[in-house]
Amino acid sequence: MRTQQQAEEKLRETQYPKAELEETALVHATFLHENDKLWGLEKTILDITKANYLVLGAVLLVGNSSFLTETYGEVRAIILGVAAILVLSLGASVMVTFHHKYLEVQHKRVKVLQKALWRRRPLEWVEDKLDAEGLSKEFGKANELTMLEFVKYNYSMKHINLLPILIALAVAGLLYQLPEKSVEATPAVAPTTKSHEQG
């Protein structure tokens, strides 16, 4: 297997002929396929985010129900709701980060194919360019995500998917601090009867 440096040298030294129509059609078909995968990744990220916020709404709704508070108690119901949102939102954030890592590399592949299509480059140039960009290694790295990498990863959708945790904690704090409604016993007032004297 050749190195990235060898691929870069070949790109610099080789004069590639213009691709034939059949080869251009094949590059075009590959570009469309890879571009569809790119849009699919973006859609998946949005779907995960939407599902995360739907779960937040559902947990807040169920957590406020009298059945749950009567079954587990108010404090325990709040803790269970926050814990559920914590786990699900953290999972959603990890998933969108993982998908975005792959999306970034996929975007580079699509750009190479797009350039090949515009300039009518042959498939050999596409393979050499992908190797020169080191995309094979990048795709390998995109298939794994360490905890440290997740913490350092700067991506807006990662932070957006962590927001439900803050919302849940804020709501839990408000609910916990609300004064308990005490029903005071009001003394019963005896009905007054008026006696009419007959004159």
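What counts and what doesn't
- Residues numbered from 1 in each chain as written.
- Predicted model: local features only at pLDDT ≥ 70, side-chain atom pairs only at ≥ 80, totals over all residues.
- Heavy atoms only, no water.
- Phe/Tyr/Trp six-rings, centres within 6.5 Å; stacked < 30°, edge-to-face > 60°.
- Lys NZ or Arg CZ within 6 Å of the ring centre and 35° of its normal.
- Patch = residues over 30% accessible without salt bridge, like charges linked within 9 Å, V, L, I, M, F, W, Y side chains within 5 Å.
- Areas by Shrake-Rupley, 256 points an atom, 1.4 Å probe, with all protein chains shown as cover.
- Salt bridge = Lys/Arg side-chain N within 4 Å of Asp/Glu carboxyl O.
- Helix = DSSP H or I, 4+ residues; strand = E, 2+ residues; numbered from the N terminus.
- Buried < 20%, exposed > 50% of the residue type's maximum accessible area, 1.4 Å probe, protein only.
- Polar contact = N/O pair within 3.5 Å; in protein donor to acceptor, adjacent residues only side chain to side chain.
- Contact = heavy atoms within 4.5 Å.
- Axes fitted to C-alpha atoms, helices over the stretch in contact; angles between N-to-C directions.
- Parallel < 35°, antiparallel > 145°, perpendicular 65-115°, else oblique.
- Left-handed = near helix turned anticlockwise from the far one by under 90°.
- Nonpolar A, V, L, I, M, F, W, Y, C, P; charged D, E, K, R; others polar.
- Core = buried A, V, L, I, M, F, W, Y, C linked by side-chain atoms within 4.5 Å.
- Arc of directions from axis to C-beta.

**Re the packing of aromatic side chains**
No. 1: Per the counting criterion, the structure on display carries two aromatic pairs.
No. 2: It is Lys158 that lies over the ring of Phe150; its NZ or CZ is 4.9 Å from the centre.

**Structural notes on a nonpolar patch on the surface**
No. 1: A grouping of Leu60, Ile160, Leu163, Leu166, Ile167 and Leu169 is seen on the molecular surface, where their side chains present a nonpolar patch of about 480 Å² in accessible area.
No. 2: With five residues, the single largest contributor to the nonpolar patch is helix α8 (residues 156-177).
No. 3: Within the secondary structure, Leu166 is located in helix α8.

**Remarks on the pattern of salt bridges**
When charged atoms on two side chains of opposite charge get close, those side chains can pair.
No. 1: Counted according to the given criterion, the structure contains nine salt bridges.
No. 2: The salt bridge partner of Asp47 is Lys43, with a shortest N-O separation of 2.9 Å. Of this pair, Asp47 and Lys43 both sit in helix α2 (residues 21-63), four residues apart, which is roughly one turn of that helix.
No. 3: The exposure class of Asp47 is partly exposed, given its relative accessible area of 31%.
No. 4: A salt bridge links Glu149 to Lys101; its shortest N-O distance comes to 2.9 Å. Note that Glu149 is positioned in helix α7 (residues 147-152) and Lys101 in helix α4 (residues 74-118), a separation of 48 residues in sequence.
No. 5: For Glu149, a relative accessible area of 28% corresponds to the partly exposed category.
No. 6: Classification of Lys101 by relative accessible area gives buried; the value is 10%.
No. 7: Each of Lys10, Glu124 and Asp128 takes part in a single network of salt bridges with overlapping partners.

**Description of the side chain of Ser93**
No. 1: Summarising the element assignment, Ser93 is placed in helix α4.
No. 2: With relative accessibility at 0%, the residue Ser93 sits in the buried group.
No. 3: At 2.9 Å, the side chain of Ser93 and the backbone oxygen of Lys158 are in polar contact.
No. 4: Excluding its chain neighbours within four sequence positions, the residues that come into contact with Ser93 are Phe150, Lys158, Asn161 and Leu162.

**So, helix α5 (residues 123-132)**
No. 1: Every buried residue belonging to α5 is among Trp125, Val126, Asp128, Lys129, Leu130 and Ala132, and all of these are buried.
No. 2: Gly134 occupies a position one or two residues after α5 and carries a positive phi of about 70 degrees.

**Brief notes about the packing of helix α1 (residues 4-13) against α5**
A pair of packed helices is captured by two measures, namely the crossing angle of their axes and the spacing between those axes.
No. 1: Remark: α1 packs on α5, axes separated minimally by 7 Å, with the N-to-C direction vectors making an angle of 135 degrees. Taken together, the axis directions place α1 and α5 in an arrangement best described as oblique. Considering the relative orientation of α1 and α5, their crossing is left-handed. Counting all contacts with α1, which are made through Gln4, Ala7, Glu8, Lys10 and Leu11, the residues of α5 involved are Glu124, Trp125, Asp128, Lys129, Asp131 and Ala132.
No. 2: Each residue belonging to the contact of α1 with α5 can be placed in one class, and the counts come to four nonpolar, one polar and six charged.

**Description of the nonpolar core**
No. 1: Core analysis: the biggest nonpolar cluster contains 25 residues, and Ile45, Trp125 and Val126 have the highest contact counts within it.
No. 2: Elements with a minimum of two residues in this core: α2, α4, α5 and α6 (135-142).
No. 3: In contact with Val126, not counting residues within four places along its chain, are Val112, Leu113 and Ala116.

**Observations regarding α6**
No. 1: Those residues of α6 that fall on the buried side of the exposure criterion are Leu135, Phe139 and Ala142. For α6, the buried positions fall inside an angular range of 60 degrees around the axis, keeping them on one side. Summarising the geometry of α6, the exposed residues directed more than 90 degrees from the buried face are Lys137 and Lys141.

The values reported here are purely geometric and, on their own, carry no functional implication.
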